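So the chains spell out like this:
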Amino acid sequence: MRRIRLFIALLPLLLMTGCWSKVEIDEQTFVFALYIDQGDTPDKVEVTISSPLPNRLLSGQQAGSGTSHGQPYAVISKQGTSIQQALMLIQRDLTRKIHFGHTRIVTVGRQYAENGIKDMLDWMQREPTFHISTIVSTAPGKAKEVAELTPVYERMPAEVMLKMAQQRAMLDTSAKQCLIAEASGQGVATNYLTMGVMKMPSENGEIKPWAGIQGVALYYDDKLTGVLPSAEGRAIAWALGRSGRQVYTLSWDDGQSRADILFNQLMSKKSVRMGPEGPRFTLSLKGDGDLIHKRDIMNRDEKEMNAILEQKLREKIEKQLKSAFSKTQKAKSDVLQLGMLLDWKYPKFWEEKRDNWTDYYKNDLDIEFKVEINVKQVGILS
């Protein structure tokens, strides 16, 4: 009994061992965003990090504005034969240790994406401080150009891109989803960005760089194989169940009548059943929308108006969905991961098609689309 009491008394002391491998916060460089591009030669990769400068992050500083000493963040680029080597070259020029615990955005340039992102995915798995919940996106040119955008409402460009993805205007694809797609041999889709310049009143009318989302990038076998424009990208995002609030605009009566419908609830469901000629997939979309604006030259009643809106929305969304899916087939990118659904429901058939699933998906896959739309007129008493 005495030994037990002595052990209990000493137990708290055993737990107070401290942090033998700790690194002080003021000795670390927290990378908020990572930009990866093809290097100057085929055997090189260019890595760019964006990190805050604590000595310039002043309390009460206006969003997006630099201090008298410059911007409150740093952007550093190096090239190497691998991502890790490029990071080591960056580390060599820093006074603090690089840490990826706060990294939330990874952007890849188009040329690097077309050549393949397998090395990047391998690095993501091996880097112990990297979070696989990090958002992945694709730039139309050099990824590091995104780091030059003007953060009007935020402090850093990385925060701008992160919050754009979190709003789910299109996709919010994570590194985890990219890794799952690689392991399963399926496709994956990311946001496809756009870059430009514009005159900004917030910057004293100066012309500054900005970035946005113009569509969806399609990947197969770890390579960029296709791009969807905005309308079709929204359809795929809806089908993936990762789309946020969306506004659809309709016109009829030779363009004289118009309506805007806001969708707050977007749902999707995919299923497969085995028939005599093989599996038949069904992709169903359902949306509940509010009529937020209309101009009807015929002054139709509510019932007739709703019938017109729902029919036209079904036709429009189904057309966009079919077009988007057809392009994923051309790109050989099973972004909806129908192969995984087939594996789960009919494993024997999947084993037969696993090795040539890409060809089957592109040429022989049988799929049916269903779109259900409900529209209500806000503010009208029934």
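All values derive from a computational prediction rather than experimental measurement. Just so you know, the residues in each chain are numbered from 1, in the order the chain's sequence is written. Since the coordinates come from a predicted model, pLDDT governs what is reported: local features require at least 70, and pairs of side-chain atoms require 80 or more to be given and counted, while whole-chain, interface and lining totals use all residues. Just so you know, side-chain values use all the structure's heavy atoms and leave hydrogens and water out.

1. Here's the deal with unusual backbone geometry
One non-glycine residue, Asp 221, lies in the positive phi region at around 55°. Strands here are runs of E lasting at least two residues and helices are runs of H or I lasting at least four, both read from the DSSP assignment and numbered beginning at the N terminus. If you trace the backbone, Asp 221 turns up in the loop between strand 9 (206–220) and strand 10 (223–229). A relative accessible area of 52% means that Asp 221 is categorised as exposed. Phi is positive for Asp 222, close to 65°, though the residue is something other than glycine. Here Asp 222 lies in the loop between strand 9 and strand 10. Between buried and exposed lies partly exposed: a residue is buried under 20% and exposed over 50% of the maximum accessible area for its type, with that area taken using a 1.4 Å probe on protein chains only.

2. Observations regarding the nonpolar core
To qualify as a nonpolar core, a set must consist of buried Ala, Val, Leu, Ile, Met, Phe, Trp, Tyr and Cys residues joined through side-chain atoms within 4.5 Å. With 48 residues, the main nonpolar core has Ile 261, Phe 281, Leu 309, Leu 338 and Trp 357 as its most contacted residues. At 8 residues, helix 8 (residues 302–330) tops the list of elements feeding residues into this core. An automatic or database domain assignment provides the domain bounds reported here. The residue makeup of this core includes at least three contributed by each of domain 1 (28–53 + 72–228) and domain 2 (243–381). The contacts of Leu 338, once residues within four sequence positions are left out, are Gln 186, Lys 270, Phe 281, Phe 325, Trp 357, Tyr 361, Leu 365 and Ile 367. One finds Leu 34, Val 47, Ala 86 and Met 124 within the second-largest nonpolar core, a separate group that totals 32 residues. Two residues qualify as a contact provided that any one of their heavy atoms is within 4.5 Å of a heavy atom in the partner residue.

3. Considerations on the confidence of the model for the protein chain
What pLDDT expresses is the predictor's confidence in each residue, scored from 0 to 100. Here the protein chain averages 88 in pLDDT, while 88% of its residues score no lower than 70. Predicted confidence for residues 59–67 stays below pLDDT 50, and this span has 21 contacts to residues more than four positions away or in other chains.

4. Observations regarding the side chain of Ser 50
With respect to the secondary-structure elements, Ser 50 resides in strand 3 (residues 45–52). Non-local contacts of Ser 50, meaning those with residues more than four positions away in its chain, are made with Phe 30, Val 31, Phe 32, Ala 33, Tyr 35, Tyr 73, Ala 74, Val 75 and Met 156.

5. Describing the pairing of strand 2 (residues 33–38)
Burial analysis of strand 2 places 6 of its 6 residues in the buried class, the great majority of the element. Any two strands with at least two DSSP bridges between them are considered paired. With 6 bridges connecting them, strand 2 and strand 3 associate as antiparallel partners. Across the sheet, Gln 38 pairs through a bridge with Val 45, a residue of strand 3. With 4 bridges joining them, strand 2 and strand 6 (residues 105–108) adopt parallel strand pairing.

6. What to know about helix 6 (residues 175–184)
Taken together, the buried positions of helix 6 are occupied by Ala 175, Cys 178, Leu 179 and Ala 181. Here the buried residues of helix 6 occupy an arc of 160° about the axis, which is enough to place them on one side. Residues of helix 6 that are buried in the fold lie against helix 4 (118–126), strand 7 (135–138) and strand 8 (188–200). Two residues or fewer after helix 6 comes Gly 185, characterised by a positive phi angle close to 75°. Arc, as used here, means the arc of the directions from the helix axis to the C-beta atoms.

7. Notes on the sheet that holds strand 7
With mixed pairing, the 8 strands of this open sheet are ordered in space as 4-3-2-6-7-8-9-10. Two strands bound the open sheet, and with one partner strand each, they are strand 4 (73–80) and strand 10. Ignoring strand direction, the axes of neighbouring strands in this sheet form an average angle of 30°. Note: strand 7 against strand 8, 2 bridges, orientation parallel. From the neighbouring strand, Thr 138 faces strand 8, where its bridge partner is Tyr 192. Orientation is described by axes fitted as lines to C-alpha atoms, over the contacting stretch for helices, and by angles from 0 to 180 degrees between their N-to-C directions. Against the sheet, helix 4 contacts strand 2, strand 6 and strand 7, and its axis sits at roughly 160° relative to strand 6.

8. A few points about the packing of helix 7 (residues 230–239) against helix 8
Relative to each other, helix 7 and helix 8 sit at 90°, their axes nearing to 8 Å. Here helix 8 runs roughly perpendicular to helix 7, going by the angle between their axes. Contacts from Ala 231, Glu 232, Ala 235, Ile 236, Trp 238 and Ala 239 in helix 7 reach Ile 317, Gln 320, Leu 321, Ser 323, Ala 324, Lys 327 and Thr 328 in helix 8. Here the nonpolar group is Ala, Val, Leu, Ile, Met, Phe, Trp, Tyr, Cys and Pro; Asp, Glu, Lys and Arg are the charged ones; every other residue, Gly included, is treated as polar. Class assignment for the residues of the contact of helix 7 with helix 8 results in 8 nonpolar, 3 polar and 2 charged. The cut-offs work like this: below 35 degrees is roughly parallel, past 145 is roughly antiparallel, 65 to 115 is roughly perpendicular, and the gaps in between are oblique.

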